[in-house]
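Here's the letter readout for the chains.
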Amino acid sequence: MPELKWLKSSFSEASGNACVEVAVAGPEGIALRESESPAVIVSTHRAALGALVRRVKTEGPRGLILDIAKDM
């Protein structure tokens, strides 16, 4: 896998050590990592991340957590 070019959120702290970083991982992939633990990388499909972001924006994180909990 080629080296990923990480982008930090514009909402991160000035020190840049408390944010989520995102990188393009192939034509349909996206990679995410926490700046405090850069060795741990989560990869997903762009459409899946987009669906998650849209849902959190419309329902808020509490609605998402409750939905996940009911499936457990």
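Residues numbered from 1 in each chain as written. Predicted model: local features only at pLDDT ≥ 70, side-chain atom pairs only at ≥ 80, totals over all residues. Heavy atoms only, no water.

Engineer: I would appreciate a short explanation of the side chain of glutamate 21 in the present structure.
Structural biologist: Tracing the backbone shows glutamate 21 in strand 2 (residues 20-24). Here the side chain of glutamate 21 touches arginine 33 through a polar contact of 2.7 Å, side chain to side chain. If we skip the residues at most four places from it in the chain, glutamate 21 touches Trp6, Leu7, Lys8, Ala31, Leu32, Arg33 and Ser35. (Helix = DSSP H or I, 4+ residues; strand = E, 2+ residues; numbered from the N terminus. Polar contact = N/O pair within 3.5 Å; in protein donor to acceptor, adjacent residues only side chain to side chain. Contact = heavy atoms within 4.5 Å.)

Engineer: Would you take a moment to explain the sheet that holds strand 4 (residues 37-45) for this structure?
Structural biologist: Think of a sheet as strands paired side by side through backbone hydrogen bonds, with each pair either parallel or antiparallel. Judged by pairing direction, the sheet is antiparallel, and its four strands sit side by side in the order 1-2-3-4 without closing on themselves. Two strands close off the open sheet at either side, each with one partner strand: strand 1 (7-8) and strand 4. (Pairing = 2+ DSSP bridges.)

Engineer: Would you explain the pattern of salt bridges in this entry?
Structural biologist: Side chains that carry opposite charge are capable of pairing whenever their charged atoms lie near each other. Under the defined criterion, the tally for this structure stands at two salt bridges. For the salt bridge of glutamate 21 with arginine 33, the shortest nitrogen-to-oxygen distance reads 2.7 Å. Pair noted here: glutamate 21 is in strand 2 and arginine 33 is in strand 3 (residues 29-34), with a separation of twelve residues, a long-range link. For glutamate 21, a relative accessible area of 4% puts it in the buried group. Between arginine 55 and glutamate 59 there is a salt bridge, and its shortest N-O distance comes to 3.3 Å. Of this pair, arginine 55 and glutamate 59 are both found in helix 1 (residues 46-70), four residues apart, which corresponds to roughly one turn of the helix. Assessed through its relative accessible area of 26%, arginine 55 is described here as partly exposed. On the accessibility criterion, glutamate 59 (44% relative accessible area) is partly exposed. (Salt bridge = Lys/Arg side-chain N within 4 Å of Asp/Glu carboxyl O. Buried < 20%, exposed > 50% of the residue type's maximum accessible area, 1.4 Å probe, protein only.)

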